[in-house]
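Take a look at the letters that make up each chain.
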Amino acid sequence: MPEISLFYGIKVTMYYDDHNPPHFHAEYNGNKVIVDIIKGSVIKGGFPSKQLKLILAWTIIHQDELMQNWELSKAGKTLNRINPLI
């Protein structure tokens, strides 16, 4: 599962050949979430409030890049790194 970004202790990854809807996985301090790229919302899991706000804001900012990576993952191609929040 390739890491596509890392910021404020939040690790963002995406699986190859994962199921729909388009989504990514994020982990922070043992907490895990699955985030819907299109809706910008949590599908499963939970984060502390501050980190949840950060990952959802990052999702909206990088939605196009996340969808490009989703398509690359479906094609089995190398995923692109996505800039972290700064």
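Conventions used here
- Residue numbers here run from 1 along each chain, matching the order of that chain's written sequence.
- Where totals are concerned, whole chains, interfaces and linings use all residues; where local detail is concerned, this predicted model gives features only for residues with pLDDT of at least 70, and gives and counts side-chain atom pairs only at 80 or more.
- Hydrogens and water molecules were not included; the side-chain quantities draw on all heavy atoms of the structure.
- Secondary structure elements are taken from DSSP: a helix is a run of H or I of four residues or more, a strand is a run of E of two residues or more, and numbering for both begins at the N terminus.
- Given the number of residues in a helix, its expected span is that number minus one, multiplied by 1.5 Å.
- Burial classes: relative accessible area under 20% of the type maximum marks a residue as buried, over 50% as exposed, and values in between as partly exposed (1.4 Å probe, protein chains only).
- As used here, the arc belongs to the directions running from the helix axis to the C-beta atoms.
- Residue contacts are counted whenever heavy atoms from the two residues lie within 4.5 Å of one another.
- Residues enter a nonpolar core if they are buried and are Ala, Val, Leu, Ile, Met, Phe, Trp, Tyr or Cys, with the set joined through side-chain atoms within 4.5 Å.
- Each pair of strands is called paired provided DSSP finds at least two bridges between the two strands.
- Axis definition: a line fitted to C-alpha atoms, limited for helices to the stretch in contact. Angles are taken between N-to-C directions and run from 0 to 180 degrees.

S.K.: Residues and numbers for helix α1 (residues 49-61), please.
M.R.: Under the 1.5 Å per step criterion, the end-to-end length of α1 is 19 Å for 13 residues, consistent within 8% with the ideal 18 Å. Among the residues of α1, those classed as buried are Gln51, Ile55, Trp58 and Thr59. Buried residues along α1 cover an arc of 105° about the axis, so they all sit on one side. The exposed set on the far side of α1, more than 90 degrees from its buried face, consists of Lys50, Lys53, Ile60 and Ile61. Residues of α1 that are buried sit in contact with β1 (3-7), β2 (10-13), β3 (23-28), β4 (31-36) and α2 (63-74).

S.K.: Give a detailed account of the nonpolar core, specifying residues and quantitative values.
M.R.: Counting residues in hydrophobic clusters, the biggest one holds 18 residues, and the most contacted among them are Val12, Met14, Phe24, Ile55, Trp58 and Leu66. Within the residue set of this core, elements represented by two or more residues are β1, β2, β3, β4, α1 and α2.

S.K.: Pulling in residues and values, what's your account of the sheet that holds β1?
M.R.: Read from one edge to the other, the open sheet built from five strands follows the order β1-β2-β3-β4-β5, with strand pairing classed as antiparallel. With one partner strand each, in any of the chains shown, β1 and β5 (41-45) form the two edges of the open sheet. Geometrically, the sheet is characterised by an average inter-axis angle of 25° between neighbouring strands, direction not taken into account. Sheet topology places β2 next to β3; three bridges connect them, and they run antiparallel. Bridge pairing in β3 places lysine 11 opposite glutamate 27.

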